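Residue strings, one per chain:
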Amino acid sequence: MKKVFARPESINDEIMHYCAGCTHGIAHRLVAEALDHYGITGKTVGVAPVGCAVLMYDYFECDILEAPHGRPPAVATGIKRSRPDMIVFSYQGDGDLASIGLAEIVHAANRGENITVIFVNNTVYGMTGGQMAPTTLLGQQTTTSPYGRNLNTDGYPIRMAEMLATLEGTSYVTRVALDKPANVLRARKAVFKAFDMQLKNMGFSFVEMLSTCPTNWGMSPTEAITRLQEELIPYFPLGVFKEKEVV
Amino acid sequence: MSDNTRILVKGNDALAMGAIKAGCKHYFGYPITPQNEVPEFMSRELPKIGGEFVQAESELAAINMVLGASAVGIRSMTSSSSPGISLMQEGLSYMAGQELPGVVINVVRCGPGLGGIAASQGDYFQAVKGGGHGDYHLIVLAPSSVQEMYDHTMLAFELSDKYRNPAMVLADAVLGQMQEPIVEREQAPEPPPKMWALDGADGRPARHLKSLLLKEGELEAHNMLLQEKYREIEKHEVRFDEYRIEDAELVVAAFGTAARIAKTAVGQARKEGMKVGLFRPVTVYPYPKKRLAGISERVKDFLVVEMNTGQMLEDVKLNVAGDAQVSFYGRPGGGIPTPNEVLKRIRKYYPGQAESNVQSPLWQTQGRQSPKLENKRGT
Ligand SMILES: Cc1ncc(C[n+]2csc(CCOP(=O)(O)OP(=O)(O)O)c2C)c(N)n1
Ligand code: SF4
Ligand SMILES: [Mg+2]
């Protein structure tokens, strides 16, 4: 029989700790597929966030470094500047990247660091039990916005991809969604493109992935997908916000 | 430049020169007075030798850039002064937990808060007791001359790599800004290959560097291993300097700039016939506990001099024999003790020579609030 689907070689067969219906697993897989595709697993360092993906070192077949909460872009900068021959990616949640690590992501992007950033936006702090994130939607109930996010007291959800696209240092900025096969395929292409940009020394590449956290949204996996489609995508539009021409 | 030619160098430049001689080609930092000469020197010199200078967006970012560079096996450093070093504590704690080398220079200024840019030794506790969260130590070297600024930076890289532990050079604004002749050293040998570095999983299983240890008992065991390492460091890396200790009846203990001042006072006291010596810890972690204890078997009077309100004082008290008497003279907040002020405190031990009008500083009587201060504050 012909094998048509297999686990990427850049990921091992550990059983992932993610909850049922969590899209972190899909995001991992897409990164692993890109590493396989370009044959770069052996010269890649991934920088893990503090968040549900902190344990990503248990799954990847490339070297993985733990960073303090929000600091992966600075850590990745240190790696890439000292080993420009290596491929470096950070993998971060919305609390990690858009709240505590906002300065680090903006400045790494602005310097045009030749790294790839995978941004998993699930609109909550998954790991700590579902508190409000900077990406939490208006009206969304979380454990620290029990009456719903209120724009007067909590401000508006941040659109990171749009914001980073305004910076000259970025080479590729896109937002994708992990809700249905067609979008996952688009996400796969985006991740490939992001690593390709790094391989071509084009500077900072960024893939925001609209994701689910069924556990902290208090939903079933299918309800969570529906919410992603009906509530997240309208506020966080999908698309490519920046793509520099490869020179 | 031949090795025995002396050149006149500013302390902060000596730090940068020592780092480059140690093979450091990667510097990450954020401007802060009184250490700006270090990033300025690095931004000028590193590109010439194929290195990298990054002006980080903050000290938080700078220390994490060092963390990243270290993790892939590259010697790197950052430098700052007190407020910036406070921001680095998070990264230092992670580096200690992940057992990553890396050199941090603190050209200490005075605090608390924004404080001021004058020299101080107010960061001693933060430097030698850990500083960030968790049970850990940095290796901490305390230079007291421009030559030592240079040499200690080189040594910091060596020890940091040897023990896979972040190391700090604890300088201060006086040392950073003063000029002295120094002798340049030979280029340090390449450090041995780092078998733990994340240099790509080609042909080997993937490696991870992390401090998160969630399995039952794993973190406790890791902490015990760290403690074992600190005991090794304490056993092998203690360094100190002594001046006229042999027949001393009174030993002045001081580090860094305070030790220079104390040395002048001790020299003068000797001229006046007082048998005084100086004990200067060069490593403030590991602290020269044993030597201090040894001295105190014979000498029973100690005077600690610091540019703070009594921080190293605690380490001296902890380590001298129970029947030794320890007194203190210090000035915080940018105040620098003069040799004369120290001499006055020395003379107190020689009643024949004591001046009747020597006033004790507010904080000399440990644990007792000055009535003057109380009156000023009211109720
Ligand atoms: C300095 C610091 N502050 C707070 C925390 C607690 N903390 C751990 S994960 C996290 C948020 C994670 O949320 P996110 O980045 O969105 O990742 P997710 O779990 O949703 O994937 C927080 C606040 C921490 N570990 N360190
Ligand atoms: S808590 Fe949310 S983000 Fe974390 S693993 Fe579970 S579903 Fe995924
Ligand atoms: Mg999240």
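None of these values were measured; they are calculated from a predicted model. (Residues numbered from 1 in each chain as written. Chains lettered and ligands numbered in written order. Predicted model: local features only at pLDDT ≥ 70, side-chain atom pairs only at ≥ 80, totals over all residues. Heavy atoms only, no water.)

With respect to the overall build of chain B
In step 1: Helices and strands together make up the secondary structure of chain B, namely 14 helices and 16 strands.
In step 2: For 379 residues, the compact-globule estimate of 2.2 N^0.38 gives 21 Å, and chain B sits close to it at 22 Å.
In step 3: Its C-alpha atoms give chain B principal-axis dimensions of about 75 × 55 × 45 Å.
In step 4: Residues counted as buried form 56% of the 379 residues belonging to chain B.
In step 5: Counted over contacts in chain B with a minimum sequence separation of 6, partners at least 24 positions apart contribute 77%.
In step 6: As presented, chain B carries roughly 15,900 Å² of accessible surface, and 51% of it is formed by carbon and sulfur atoms.
In step 7: The distance from the centre of the 43 positive side-chain charges to the centre of the 45 negative ones in chain B is 5 Å. (Helix = DSSP H or I, 4+ residues; strand = E, 2+ residues; numbered from the N terminus. Rg over C-alpha atoms; globule rule 2.2 N^0.38 Å. Buried < 20%, exposed > 50% of the residue type's maximum accessible area, 1.4 Å probe, protein only. Contact = heavy atoms within 4.5 Å. Areas by Shrake-Rupley, 256 points an atom, 1.4 Å probe, with all protein chains shown as cover. Lys, Arg positive; Asp, Glu negative; His and termini not counted. Charge placed at Lys NZ, Arg CZ, Asp CG, Glu CD.)

Looking at unusual backbone geometry
In step 1: Here the bond from Thr-33 of chain B into Pro-34 of chain B is cis, since omega is 10°, no more than 30 degrees from zero.
In step 2: Examined against the element boundaries, Pro-34 of chain B turns out to sit in the loop between β2 (26-29) and α2 (37-45).
In step 3: In this structure, the amide linkage connecting Gly-111 of chain B to the following residue, Pro-112 of chain B, adopts the cis form with an omega of 0°.
In step 4: Not every positive phi belongs to a glycine, and Asn-201 of chain A is a case in point at roughly 55°.
In step 5: Exposure remark for Asn-201 of chain A: the relative accessible area of 59% places this residue in the exposed category.
In step 6: In this model, Arg-244 of chain B sits at a positive phi of 55°, which is unusual for a non-glycine residue.
In step 7: Residue position: Arg-244 of chain B is located in the loop between β11 (240-243) and β12 (250-253).

Some words on the site of ligand 2
All names here are of chain A.
In step 1: Close to ligand 2 lie Tyr-18, Cys-19, Cys-22, His-24, Cys-52, Asn-122, Gly-126, Cys-213, Pro-214, Thr-215 and Asn-216, which account for all nearby residues.
In step 2: A total of 3 residues in the shell around ligand 2 trace back to one element, the largest contributor, which is helix α8 (residues 214-217).
In step 3: Broken down by class, the residue content of the shell around ligand 2 amounts to 6 nonpolar, 5 polar and no charged. (Near = heavy atom within 4 Å. Nonpolar A, V, L, I, M, F, W, Y, C, P; charged D, E, K, R; others polar.)

Some remarks on the site of ligand 1
Residue and element names in this part refer to chain A.
In step 1: Taken together, 16 residues form the shell around ligand 1, and within it His-24, Cys-52, Gly-95, Asp-96 and Gly-126 come nearest.
In step 2: Between ligand 1 and Gly-95 there is a distance of 2.9 Å, counted from an oxygen atom to a backbone nitrogen or oxygen.
In step 3: Interatomic distance of 2.8 Å between a backbone N/O atom of Gly-126 and an oxygen atom of ligand 1.
In step 4: When the free accessible area of ligand 1 is taken as 590 Å², the share hidden by the protein chains comes to 76%.
In step 5: Put simply, the parts of the chain that give the shell around ligand 1 at least two residues each are α3 (94-100) and β5 (124-125).
In step 6: In terms of residue count, α3 provides more of the shell around ligand 1 than any other element does, 4 residues in total.
In step 7: Taken together, the residues that form the shell around ligand 1 break down as 6 nonpolar, 8 polar and 2 charged. (Polar contact = N/O pair within 3.5 Å; in protein donor to acceptor, adjacent residues only side chain to side chain.)

Here's the deal with the pattern of salt bridges
Two side chains with opposite charge may pair up if their charged atoms get near one another.
In step 1: For the coordinates displayed, the defined rule picks out 37 salt bridges over all chains.
In step 2: For Glu-104 of chain A, the salt bridge goes to Arg-71 of chain A, with nearest N and O atoms at 3.3 Å. Separated by 33 residues along the polypeptide, Glu-104 of chain A in helix α4 (residues 102-110) and Arg-71 of chain A in the loop between β2 (63-66) and α2 (72-82) bring together distant segments of the chain.
In step 3: The exposure class of Arg-71 of chain A is buried, given its relative accessible area of 5%.
In step 4: Two residues, Glu-341 of chain B and Arg-331 of chain B, come together in a salt bridge whose shortest N-O distance is 3.2 Å. Note that Glu-341 of chain B is positioned in helix α13 (residues 339-347) and Arg-331 of chain B in the loop between β16 (325-330) and α13, a separation of 10 residues in sequence.
In step 5: The exposure class of Glu-341 of chain B is buried, given its relative accessible area of 18%. (Salt bridge = Lys/Arg side-chain N within 4 Å of Asp/Glu carboxyl O.)

Remarks on the coordination of the magnesium ion (ligand 3)
Angles between donor atoms at a metal ideally measure 109.5 degrees for a four-coordinate tetrahedral arrangement and either 90 or 180 degrees for a six-coordinate octahedral one.
All names here are of chain A.
In step 1: Every protein donor of the magnesium ion (ligand 3) is accounted for by Asp-94 (OD), Asn-122 (OD1) and Val-124 (O), and the metal-donor separations fall at 2.1 to 2.6 Å.
In step 2: Donor residues for the magnesium ion (ligand 3), ordered by position in the chain, follow D-x27-N-x1-V. We note that Asn-122, like Val-124, is buried. (Donors = N, O, S within 2.8 Å, 3.2 Å for Na, K, Ca; no water.)

Some remarks on the side chain of Asp-123 of chain B
All names here are of chain B.
In step 1: Mapped onto the fold, Asp-123 is located in the loop between β6 (116-119) and α6 (124-128).
In step 2: Among buried charged residues, Asp-123 stands out as having no salt bridge; its nearest opposite-charge side chain is Arg-109, 8.3 Å away.
In step 3: Setting aside its immediate chain neighbours within four residues, Asp-123 contacts Ser-82, Asn-106, Val-108 and Gln-311.

Quick look at the packing of aromatic side chains
Residue and element names in this part refer to chain A.
In step 1: Scanning all chains against the criterion turns up 12 aromatic pairs over all chains.
In step 2: With centroids separated by 5.8 Å and ring planes inclined at 70°, the aromatic side chains of Phe-89 and Phe-195 adopt a geometry described as edge-to-face. You can see Phe-89 sitting in strand β3 (residues 87-93) and its partner Phe-195 sitting in helix α7 (residues 181-199), a full 106 residues away along the chain. Exposure class is identical for Phe-89 and Phe-195. Each is buried.
In step 3: The rings of Phe-60, Phe-89 and Phe-195 are connected pair by pair, giving a single aromatic cluster.
In step 4: The aromatic ring of Tyr-235 is capped on one face by Arg-159, whose charged end is 3.8 Å from the ring centroid. (Phe/Tyr/Trp six-rings, centres within 6.5 Å; stacked < 30°, edge-to-face > 60°. Lys NZ or Arg CZ within 6 Å of the ring centre and 35° of its normal.)

Points about the side chain of Asp-315 of chain B
All names here are of chain B.
In step 1: When you line up the elements, Asp-315 lands in helix α12 (residues 312-319).
In step 2: A residue is classified by how much of its surface remains accessible, and Asp-315, at 7% relative accessible area, is buried.
In step 3: Setting aside residues up to four positions removed in sequence, Asp-315 forms contacts with Tyr-124, Val-128, Lys-129, Tyr-287 and Leu-292.

Remarks on the domain arrangement of chain B
Residue and element names in this part refer to chain B.
In step 1: Taken domain by domain, chain B consists of domain 1 (6-190 + 211-236) and domain 2 (241-365).
In step 2: Taking the mean C-alpha position of each, domain 1 and domain 2 sit 28 Å from one another.
In step 3: If you look at the interface, domain 1 gives 32 residues, while domain 2 gives 25 residues.
In step 4: Interface area, domain 1 with domain 2, both sides summed: about 2,300 Å², of which 55% is carbon and sulfur.
In step 5: Joining domain 1 to domain 2, the criterion identifies 3 salt bridges.
In step 6: For Lys-129, the salt bridge identified is with Asp-315, shortest N-O distance 2.7 Å. (Domains from an automatic or database assignment. Buried area = accessible area lost by both parts, 1.4 Å probe.)

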